[in-house]
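# Chains, contacts and geometry: an overview
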Amino acid sequence: MFAWKTTTWDADKGEVALPKLDARTTGMVAGTKVATNAGWAKIETINEGQQVLTFDGGLQTVIAVTRHLLMADMKDVSSWPMSVPAGALGNREDMKILPHQSVMIESDTSEDMTGDPFALIPGAALGGFRGITQSRPSEWVEVIQLHFAQDEIVFANIGALFLCRAQADLMSDMGVSSYDVLDMDDAEDLVDCLMFEDEISVPTCVTEAAQTVAV
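Source: prediction; values computed, not measured.

### Some words on the pairing of strand 15 (residues 140–147)
Moving residue by residue along a regular strand, the side chains alternate between the two faces of the sheet. Summarising burial for strand 15: 6 of the 8 residues are buried, a large majority. Where strand 4 (residues 28–29) lies against strand 15, 2 bridges are found, and the strand directions are antiparallel. Each residue of the ladder has a partner; that of methionine 28, found in strand 15, is isoleucine 144.

Here it is in structure tokens:
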């Protein structure tokens, strides 16, 4: 299955409505690179039948690709993509993620809070963490969803980890999944802890230099 979704029908007004980027929209923004059996490739070049590297299942075959060309709502700041600087999430390049896209992070804090060092959180919870901010998008945003036989977590931009839902729908909160995503409150608490850890951590070289000066 390969689909473009560019319009919706407004039954109340009896007219075609342009689809808009929504705060609940999930998927990956065009330009994001994913790991495939042939190397890194931009997500917009991935087609049904290709193999993509996943966190738990190794190489998995893409059974469907859904593409959405969405009009950005300049007044709805909550729907704006998050700009992620290189290195913030293990990514080697700057990238953009949608606020509702689930992102996996690894930390000791997560294990203390949830019993698992890996946690899936909404992208919106990352605001302010390591320079991650929401940024005003261009007029149109292309969102691509990769679908597998089951939910999978894929490698993106050489280090980041994104959840891909099995069903082909922009809203990803439906159905039973083998992956649990922290709710916004818990996710923000976790990110607050991570930000605190970043603030109090001091590089070893700085510590040693300070000790040398003291002597």
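### Regarding the nonpolar core
Grouped together as the largest cluster of nonpolar side chains are 34 residues, with contacts concentrated most on Leu89, Ile97, Leu126, Ile132, Leu146 and Phe162. Looking at this core, the elements that each hand over two or more residues are strand 10 (82–84), strand 11 (95–97), strand 12 (102–106), strand 13 (118–122), strand 15, strand 16 (152–156), strand 17 (160–164) and helix 2 (184–200). Here this core takes 4 residues from helix 2, the largest share from any one element. Those residues in contact with isoleucine 97 that sit more than four places away from it in its chain are Pro81, Met82, Val84, Val103, Gly123, Leu126 and Phe162.

### Section: the confidence of the model for the protein chain
The predicted model of the protein chain averages 84 in pLDDT, with 80% of residues at 70 or higher. Note that residues 1–16 has pLDDT below 50 and, in this model, 34 contacts with residues that lie over four places away or in other chains. pLDDT under 50 marks residues 204–215. Its contacts with residues more than four places away, or in other chains, come to 1 contact.

### Side note on the pattern of salt bridges
Under the criterion given, the structure shown has 4 salt bridges. In this structure, lysine 33 and glutamate 93 form a salt bridge, with 3.2 Å as the shortest nitrogen-oxygen distance. You can see lysine 33 sitting in strand 5 (residues 33–36) and its partner glutamate 93 sitting in the loop between strand 10 and strand 11, a full 60 residues away along the chain. By relative accessible area, which is 24% here, lysine 33 ends up partly exposed.

### Quick notes on the packing of aromatic side chains
In total, this model carries 2 aromatic pairs according to the counting rule given. For the pair phenylalanine 55 and phenylalanine 118, a centre-to-centre distance of 5.1 Å together with 65° between the ring planes defines the contact as edge-to-face. Placement of the pair is phenylalanine 55 in the loop between strand 7 (51–54) and strand 8 (58–61) and phenylalanine 118 in strand 13, with a sequence separation of 63 residues. An angle of 50° between the planes, with centres 6.3 Å apart, marks the rings of phenylalanine 55 and phenylalanine 155 as tilted. Placement of the pair is phenylalanine 55 in the loop between strand 7 and strand 8 and phenylalanine 155 in strand 16, with a sequence separation of 100 residues. Look at phenylalanine 55 and you get partly exposed, because its relative accessible area is 28%. By the ring-pair criterion, three or more aromatic residues cluster together here, those being Phe55, Phe118 and Phe155.

Conventions and cut-offs
- Residues numbered from 1 in each chain as written.
- Predicted model: local features only at pLDDT ≥ 70, side-chain atom pairs only at ≥ 80, totals over all residues.
- Heavy atoms only, no water.
- Buried < 20%, exposed > 50% of the residue type's maximum accessible area, 1.4 Å probe, protein only.
- Helix = DSSP H or I, 4+ residues; strand = E, 2+ residues; numbered from the N terminus.
- Pairing = 2+ DSSP bridges.
- Core = buried A, V, L, I, M, F, W, Y, C linked by side-chain atoms within 4.5 Å.
- Contact = heavy atoms within 4.5 Å.
- pLDDT = per-residue confidence, 0-100.
- Salt bridge = Lys/Arg side-chain N within 4 Å of Asp/Glu carboxyl O.
- Phe/Tyr/Trp six-rings, centres within 6.5 Å; stacked < 30°, edge-to-face > 60°.

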